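# Working through the structure, step by step
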Amino acid sequence: MGRLTRRLALVAGGCFGAALYSSNYRMPPPLTQADLDNAIDASANTAAKGNSNRSFATNGPHPTATKKKDSITTTSTTTIHDKIYDVGVIGGGIVGLAVANEIQKQYPEKSIVIIEKESAVAQHQSSHNSGVVHGGIYYEPGSRMARLCVRGVDLMYSYCERNGLPYDRCGKLIVATGIRDQEVVRNLFRRGVENGVKGLEILPNPAAIKAKEPHVVGNNALWSPNTGVCDFAAVARHVADDLLARSNNVSLLLNFEVRDLTTAVIGGGGSSAGTSS
């Protein structure tokens, strides 16, 4: 990560996006002026042939790229943007924004661009979900999901509280409606406790369930008081606003759809240009 100034790093955002940096990965040599000129020319020739599926741009003419290394070039139907960035995050959902936010905190000197195809952030899965802040009951003990979910609950509530964002730590009941389900509830209790989920309690009979929720009927139930709900779209918008407000090195490009990536390939003493869909 410390060598990102050598080459643009593209990080996929979206709901399940992740940034993985391997210590075993060896960075290729820096691009030369000839490498970039060849890549730019090849990309321009591809766009000129009218193959819209093999251009990094959306619609419109291919811009004149700055003849420097580490450049990213994008266009929309109305805007031509041509600038050099250290890091590019594709996708302005809550994960992509959180990735950009963390990179900016750890590497404040790096320039970052967040590229989003919609007219606003958080327009897909980040705003089309149940809004549940899960406690971490279901995941395999010792797994990364179990550890991150339990830790993430506290971080999400803390972020919402600190920034005045709506949330409700309302709790959740997992109800056994039949005799055979009672053992499932007990197993989930044991799993949740092993994962470190806070405040779990088995409600052993219908009366105990009704004391928590009068409209629910069951034999027994698992009560998870730390489960809740929040507005993840509001969280994503706040992350974006805060990130842009505190750093002049971060840009957010809306209405920019990435259709293709153009790279310069170095090897065998020569250079070639190619595209990757």
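Residues numbered from 1 in each chain as written. Predicted model: local features only at pLDDT ≥ 70, side-chain atom pairs only at ≥ 80, totals over all residues. Heavy atoms only, no water.

### As for the packing of helix H2 (residues 94–106) against helix H6 (residues 232–246)
- The geometry of H2 relative to H6 is characterised by a closest axis approach of 9 Å and an angle of 30° between their N-to-C directions. With respect to each other, H2 and H6 are oriented roughly parallel. Here H2 and H6 pass one another in a crossing that is left-handed. On the side of H2, the interface is formed by Ile94, Leu97, Ala98, Ala100, Asn101, Gln104 and Lys105, while H6 contributes Phe232, Val235, Ala236, Val239, Ala240, Leu243 and Arg246.
- Looking at the contact of H2 with H6 residue by residue, the class counts come to 10 nonpolar, two polar and two charged. (Axes fitted to C-alpha atoms, helices over the stretch in contact; angles between N-to-C directions. Helix = DSSP H or I, 4+ residues; strand = E, 2+ residues; numbered from the N terminus. Parallel < 35°, antiparallel > 145°, perpendicular 65-115°, else oblique. Left-handed = near helix turned anticlockwise from the far one by under 90°. Contact = heavy atoms within 4.5 Å. Nonpolar A, V, L, I, M, F, W, Y, C, P; charged D, E, K, R; others polar.)

### Topic: the sheet that holds strand S8 (residues 172–176)
- Read across the sheet, three strands follow the order S8-S10-S9 without closing on themselves; strand pairing throughout is antiparallel. The two strands at the open ends of the sheet, each matched to only one other strand, are S8 and strand S9 (201–203). With strand direction ignored, the average angle separating the axes of adjacent strands in the sheet is 25°.
- Here three bridges tie S9 to strand S10 (residues 220–224), and the two strands are oriented antiparallel to one another. The residue bridging Glu201 from the neighbouring strand is Trp223, located in S10.
- Packing of helix H4 (residues 181–195) onto the sheet brings it into contact with S8, S9 and S10, and relative to S10 it is tilted by some 25°. (Pairing = 2+ DSSP bridges.)

### So, the pairing of S10
- For S10, the tally of buried residues reaches five of five residues, placing the bulk of the element in the interior.
- Side chains Asn220, Leu222 and Ser224 of S10 all project onto a buried face; the interleaved residues Ala221 and Trp223 project onto the opposite face, where all are buried too. (Buried < 20%, exposed > 50% of the residue type's maximum accessible area, 1.4 Å probe, protein only.)

### Regarding the nonpolar core
- One finds Leu97, Ile112, Ile114, Val133, Met156 and Val235 to be the most contacted residues of the largest nonpolar core, which totals 27 residues.
- Of all elements in the fold, only strand S4 (87–90), H2, strand S5 (112–115), helix H3 (144–163) and H6 reach the threshold of two or more residues within this core.
- The dominant element in this core, judged by the number of residues it contributes, is H6, at seven residues.
- Not counting chain neighbours up to four residues away, the residues in contact with Met156 comprise Val133, Cys230, Phe232 and Val235.
- Core analysis: the next-biggest nonpolar cluster, separate from the first, contains nine residues, Ile137, Val150, Val185 and Leu188 among them. (Core = buried A, V, L, I, M, F, W, Y, C linked by side-chain atoms within 4.5 Å.)

### Comments concerning the confidence of the model for the protein
- On average, residues of the protein score 76 in pLDDT, and 65% of them reach the 70 mark or higher.
- Across residues 46–80, where pLDDT falls below 50, the model places 86 contacts with residues more than four positions away in sequence or in other chains.
- Overall, residues 269–277 carries pLDDT values under 50, and its contacts beyond four positions in sequence, including any with other chains, amount to 23 contacts. (pLDDT = per-residue confidence, 0-100.)

### Observations regarding the pairing of S5
- Of the two faces of S5, both are covered, the one formed by Ile112 and Ile114 as well as the one formed by Val113 and Ile115.
- By the bridge criterion, four bridges tie S4 to S5 in an arrangement that is parallel. If you follow Val89 over to S5, its bridge partner there is Ile114.
- Considered for its hand, the β-α-β crossover made up of S4, H2 and S5 is right-handed.
- In terms of strand pairing, S5 meets strand S12 (residues 250–253) through four bridges, oriented parallel. (Right-handed = clockwise from strand over helix to strand, strands pointing away.)

### Observations concerning the packing of aromatic side chains
- One pass over the full model with this rule turns up one aromatic pair.
- When the centroid spacing of 5.4 Å and the interplanar angle of 40° are considered together, the rings of Tyr157 and Tyr167 count as tilted. Taken together, the residues Tyr157 in helix H3 and Tyr167 in strand S7 (residues 167–168) connect sequence positions 10 residues apart. (Phe/Tyr/Trp six-rings, centres within 6.5 Å; stacked < 30°, edge-to-face > 60°.)

### A look at unusual backbone geometry
- A positive phi angle, near 60°, is found at Ala122, a position not held by glycine.
- Note on placement: Ala122 falls in the loop between S5 and strand S6 (132–133).
- Notably, Asn255 is not glycine yet its phi reads approximately 60°, a positive angle.
- By the secondary structure assignment, Asn255 is in the loop between S12 and strand S13 (261–267).

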